[in-house]
Every structure is written in C-alpha cells, then in structure tokens.
Amino acid sequence: MRRLRMKFYDPSEGKSKTLSVDGVLETLTQAEIEPIMQSLIGVLVPTTAQVDEAEIVETTTNEVFNLIQ
C-alpha cells in the first residue's frame, strides 16, 4: 500500500503533527502536495502549524491468519 505522510510543525506547541492518506499515486509532486497541505491548516491542524515535509511511503502487509472472514 502506498501512503502519503504529511508532517506539520507547530512552533507554538513545539510539536509536530502528522496526517496520512492511504492509496495515493506514486507520481505526486511537491507542487501538487504543498497546496493541499496549506489548505489543511486551520481545518485538520491548528492555525499555528506550518508545512514541514511530505513523503510517500510504500508498505507491505503479510497476513498471518484471518479466522473470521
């Protein structure tokens, strides 16, 4: 699974906040991601937060068992 991890830094709290979105395209660019992150400030993260970084993470899941399907 491909996940976009967006990190915001809030200098008023001295803490970082991270939001993740599953199932994103691998070809996303900074020019596409940064405006979206800006639009999340004041909505999903505090108004004092700043855009810090974004990364696309590829994960693999190996199911060991699933008893109830």
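This structure is a prediction, so every number in the text was calculated from the model and none was measured.

Here is what the cut-offs are and how they apply
Residues numbered from 1 in each chain as written. Predicted model: local features only at pLDDT ≥ 70, side-chain atom pairs only at ≥ 80, totals over all residues. Heavy atoms only, no water. Salt bridge = Lys/Arg side-chain N within 4 Å of Asp/Glu carboxyl O. Helix = DSSP H or I, 4+ residues; strand = E, 2+ residues; numbered from the N terminus. Buried < 20%, exposed > 50% of the residue type's maximum accessible area, 1.4 Å probe, protein only.

Draft legend 1. Up close: the pattern of salt bridges. If you walk through the whole model with that rule in mind, you get five salt bridges. Arg-2 is paired through a salt bridge with Glu-26; the nearest N and O atoms lie 3.6 Å apart. Remark: Glu-26 occurs in the loop between strand S2 (15-22) and helix H1 (30-40) and Arg-2 occurs in strand S1 (residues 2-10); sequence separation between them is 24 residues. For Arg-2, a relative accessible area of 25% corresponds to the partly exposed category. Overall, Glu-26 belongs to the exposed group, its relative accessible area being 56%. As a salt-bridge pair, Glu-55 and Arg-5 come within 3.1 Å of each other at their nearest N and O atoms. Within this pair, whereas Glu-55 is found in strand S3 (residues 50-58), its partner Arg-5 is found in strand S1, the two being separated by 50 residues in sequence. Of the residues examined, Glu-55 reaches a relative accessible area of 33% and is grouped as partly exposed. By relative accessible area, which is 30% here, Arg-5 ends up partly exposed.

Take it as geometry only, folks, not as evidence of what the structure does.
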